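# Fold and geometry: a report
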Amino acid sequence: MSPRYSLEPVIQESTPSIIARKLRYAIAHGAVAPGSQLGEAELARELGVSRGPLREAMQRLTQEGLLISIRNRGLFVIEMTDAEIRDMYVLRTAVESAACKMLVGADHVASGQDLLSKVAEMENAAVTDDHAAMSDADMAFHEHLVALSGSRSLVRIHTTLMIETRMCLAVLQHSHRVTDEWIEEHRGIAEAVRGGDGLLTQSRLNDHEDNALAQLTSAPASASIESRRTRS
């Protein structure tokens with residue numbers, strides 16, 4: 001009898017999907033600044049692709065809300081005011097809360113341990129004082145939290161919200177700090193999940209998101225982001 005395997009099918013990524021992924025990364029990490037206009041000819045030349053798949057990729061990002069089309073002017077990377085950042089965090093909290101509810105209702109011990117491993121990565125990044133690594137470790141915790149839910153819908157929505165979060169952090173990376181208190185907030189969420197305490201998980205997640213929002217919409221943050229909007 002031949003052996004039976006449980007293998008995932010190989011999914012070939014289309015050219016527009018690859019281009020969209022590269023553009024998302026560039027936008028999220030500040031390589032393409034908020035408010036920047038995306039020139040089709042220049043991008044096609046830089047990426048080494050034809051305009052057809054590039055247009056399809058840009059259309060995807062427009063549908064996701066990362067690009068905005070201005071009539072007779074072209075496509076621009078979105079800019080985020082304090083009000084828009086608050087809206088984004090309301091949605092992020094809702095998505096992450098839904099994910100936590102699923103984790104607590106399933107194998108919460110394993111999920112909590114997984115999240116604590118992400119907290120350890122945050123601690124390692126903080127030791128190096130590498131601001132980019134700190135931000136990456138912070139984002140990885142939240143991305144992993146939602147991924148553990150196994151919900152494709154939550155992951156899809158959360159991905160766009162995290163790109164917007166990274167956009168803000170890219171502008172503020174010089175001032176973003178992963179402090180001991182910041183790390184403990186993440187540890188508290190992970191431990192609440194591990195303990196299967198839904199109410200405590202929700203409370204700690206809400207407190208953490210409120211603190212993060214306060215940091216992103218502080219005076220220096222607002223000035224940095226708003227100044228980009230004014231210059232465009």
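All values derive from a computational prediction rather than experimental measurement.

Look at helix α4 (residues 82-104) against helix α9 (residues 198-216): their axes get within 10 Å of each other, and the N-to-C directions meet at 160 degrees. Taken together, α4 and α9 sit at an angle that is classed as roughly antiparallel. Seen from above, α4 lies across α9 with right-handed handedness. Mapping the contact onto sequence places Ile85, Arg86, Tyr89, Arg92, Thr93, Glu96, Ser97, Cys100 and Val104 in α4 and Gly198, Thr201, Gln202, Leu205, Asn206, Glu209, Ala212, Leu213 and Leu216 in α9. Here the contact of α4 with α9 is built from residues that sort into eight nonpolar, six polar and four charged.

Here we come to unusual backbone geometry. Backbone geometry at Asn72 places phi at a positive 65 degrees, although glycine is not the residue there. As for its placement among the helices and strands, Asn72 is situated in the loop between β2 (67-70) and β3 (74-77). Judged by relative accessible area, Asn72 falls into the exposed class, the value being 78%.

On to the sheet that holds β2, then. Spatial strand order, β1-β3-β2: three strands in an open sheet with antiparallel pairing. Across the chains shown, the open sheet's two edge strands, defined by having one partner strand only, are β1 (37-38) and β2. Both β1 and β3 contribute to a ladder of two bridges, which runs antiparallel. Bridging from a neighbouring strand, Leu38 pairs with Leu75 of β3.

Moving on to the confidence of the model for the chain. Residues of the chain with pLDDT of at least 70 account for 84%, and the chain-wide mean is 82. Here helix α10 (residues 219-231) stands out as the least confident element of the chain, with mean pLDDT 39; helix α8 (residues 180-194) is the most confident, with 93. Of the regions scoring below 50 in pLDDT, residues 219-232 engages in 24 contacts with residues more than four places distant in sequence or in other chains.

Within the element layout of this structure, Arg187 appears in helix α8. A distance of 3.1 Å separates polar atoms of two side chains, one belonging to Arg187 and the other to Glu184.

The next point concerns empty space enclosed by the protein. Inspection of the entire model under this criterion finds two cavities of 30 Å³ or more. What the largest cavity holds in volume is close to 70 Å³. Listed by contribution, the elements that provide at least two residues to the lining of the largest cavity are α4, α6 (131-147) and α9. Of the residues forming the lining of the largest cavity, the biggest block, five residues, is contributed by α9.

This next bit is on α6. With 17 residues, α6 should cover 24 Å at 1.5 Å per step; its first-to-last C-alpha distance of 24 Å lies within 8% of that length. Those residues of α6 that sit buried are Met134, Ser135, Ala137, Asp138, Met139, Ala140, Phe141, His142, Leu145 and Val146.

Let us look at the environment of Ala41. By the secondary structure assignment, Ala41 is in helix α2 (residues 40-47). Taking relative accessible area as the criterion, Ala41 reaches 34% and is therefore assigned partly exposed. Residues Ala41 and Arg51 lie 10 residues apart in sequence; the distance between their C-alpha atoms is 7.5 Å.

Let us look at the side chain of Thr165. Here Thr165 lies in helix α7 (residues 152-172). Using a relative accessible area of 1% as the deciding quantity, one classes Thr165 as buried. When sequence neighbours within four positions are dropped, the list of residues in contact with Thr165 reads Met88, Tyr89, Arg92 and Met139.

Looking now at the pattern of salt bridges. On inspection of all chains with the given rule, the structure shows 10 salt bridges. The partner of Arg55 in a salt bridge is Glu40, with the nearest N and O atoms 2.9 Å apart. Separated by 15 residues along the polypeptide, Arg55 in helix α3 (residues 51-64) and Glu40 in helix α2 bring together distant segments of the chain. Arg55 gets classed as partly exposed once you look at its relative accessible area, which sits at 47%.

One turn of the α-helix equals 3.6 residues, which is why residues spaced by three or four share an orientation. With 19 residues, α9 extends 27 Å between its outermost C-alpha atoms, agreeing within 8% with the 27 Å of an ideal straight helix rising 1.5 Å per residue. The set of residues buried in α9 consists of Thr201, Leu205, His208, Glu209, Ala212, Leu213 and Leu216. Down the axis of α9, the sector holding all buried residues measures 135 degrees, keeping them to one side. Exposed and oriented more than 90 degrees from the buried face of α9 are Leu199 and Asp210. For α9, the N-terminal cap is Asp197; the gap from its side-chain oxygen to the backbone nitrogen of Leu199 is 3.3 Å.

The rules behind the values
- Residues numbered from 1 in each chain as written.
- Predicted model: local features only at pLDDT ≥ 70, side-chain atom pairs only at ≥ 80, totals over all residues.
- Heavy atoms only, no water.
- Axes fitted to C-alpha atoms, helices over the stretch in contact; angles between N-to-C directions.
- Helix = DSSP H or I, 4+ residues; strand = E, 2+ residues; numbered from the N terminus.
- Parallel < 35°, antiparallel > 145°, perpendicular 65-115°, else oblique.
- Left-handed = near helix turned anticlockwise from the far one by under 90°.
- Contact = heavy atoms within 4.5 Å.
- Nonpolar A, V, L, I, M, F, W, Y, C, P; charged D, E, K, R; others polar.
- Buried < 20%, exposed > 50% of the residue type's maximum accessible area, 1.4 Å probe, protein only.
- Pairing = 2+ DSSP bridges.
- pLDDT = per-residue confidence, 0-100.
- Polar contact = N/O pair within 3.5 Å; in protein donor to acceptor, adjacent residues only side chain to side chain.
- 1 Å grid on protein atoms, 1.4 Å probe; cavity = no way out; pocket = protein on both sides within 12 Å on 5 of 7 lines; lining within 4 Å.
- Points joined across faces, edges and corners; volume = space filled by probe spheres on them.
- Expected span 1.5 Å × (residues − 1).
- Salt bridge = Lys/Arg side-chain N within 4 Å of Asp/Glu carboxyl O.
- Arc of directions from axis to C-beta.

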